[in-house]
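Understanding the architecture of this molecule
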Amino acid sequence: MKKIFIFILILFVGFAFTSCDWLVEKAEVDVLGVGNIQQRKGGFYVEIDSLSYVPSFVYTNSSGRDGKQEMAPVEGMQVTCFRLDGAPEVHFIAGAQSEEYLAEYFSKSHWVAFVFFVVFGGACICYS
């Protein structure tokens, strides 16, 4: 019984590492436009299509152990303004980025949870 469990566990882990497209949730991104950060009366803003958006931080296009890296807005910096997953909050990322890039950058992977539940479920079955 344990040999079958180990085989199934190896099979599921192999699927999780090699064909994990079905375990990745792409972000729904709505790009509002690209503009430069400007400063007025001590505050920063980005004007796109006659609308002003106020950045509190800017994503830097890199990820670390703590998640997506952020920085303070800098006057003159080119940023892409966008909304994530239909939420009204406007986000900013450094540079002119495409919708496809942003969907990939903000995608969420669920393979760790999948492997945990397979191992946990297999252990429960094996030891019951």
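An account of the accompanying structure is given in this report.

Reading guide: rules and limits
- Residues numbered from 1 in each chain as written.
- Predicted model: local features only at pLDDT ≥ 70, side-chain atom pairs only at ≥ 80, totals over all residues.
- Heavy atoms only, no water.
- Helix = DSSP H or I, 4+ residues; strand = E, 2+ residues; numbered from the N terminus.
- Buried < 20%, exposed > 50% of the residue type's maximum accessible area, 1.4 Å probe, protein only.
- Contact = heavy atoms within 4.5 Å.
- Phe/Tyr/Trp six-rings, centres within 6.5 Å; stacked < 30°, edge-to-face > 60°.
- Pairing = 2+ DSSP bridges.

1. A look at the side chain of His91
Looking at the element boundaries, His91 is found in strand β8 (residues 90–94). Its relative accessible area of 12% is what places His91 among the buried residues. When sequence neighbours within four positions are dropped, the list of residues in contact with His91 reads Tyr59, Thr80, Cys81, Phe82 and Leu84.

2. Focus on the environment of Ile93
Considering the arrangement of structural elements, one finds Ile93 in strand β8. Given the relative accessible area of 0%, Ile93 is considered buried. Between the alpha carbons of Ile93 and Val79 there is a distance of 5.4 Å; along the sequence they are 14 residues apart. Leaving out residues up to four positions away in the same chain, Ile93 has contacts with Val58, Tyr59, Asn61, Gln78, Val79, Thr80, Phe82, Tyr101, Leu102 and Tyr105.

3. Describing the packing of aromatic side chains
Following the criterion strictly, the structure yields five aromatic pairs and no others. Where Phe57 meets Tyr59, the ring centres are 5.2 Å apart and the plane angle is 90°; that geometry is what we call edge-to-face. Measuring from ring centre to ring centre gives 5.8 Å for Tyr101 and Tyr105, while their planes differ by 15°; the resulting arrangement is stacked. Here Tyr101 and its partner Tyr105 are both found in helix α2 (residues 99–105), four residues apart, which amounts to about one turn of the helix. On the accessibility criterion, Tyr101 (30% relative accessible area) is partly exposed. One aromatic cluster is present, formed by Phe57, Tyr59, Phe82, Tyr101, Tyr105 and Phe106 through successive ring pairs.

4. A look at the pairing of strand β6 (residues 67–71)
Two elements, strand β5 (residues 58–64) and β6, share four bridges in a ladder whose sense is antiparallel. Note on β6: the bridge partner recorded for Val58 is Met71.

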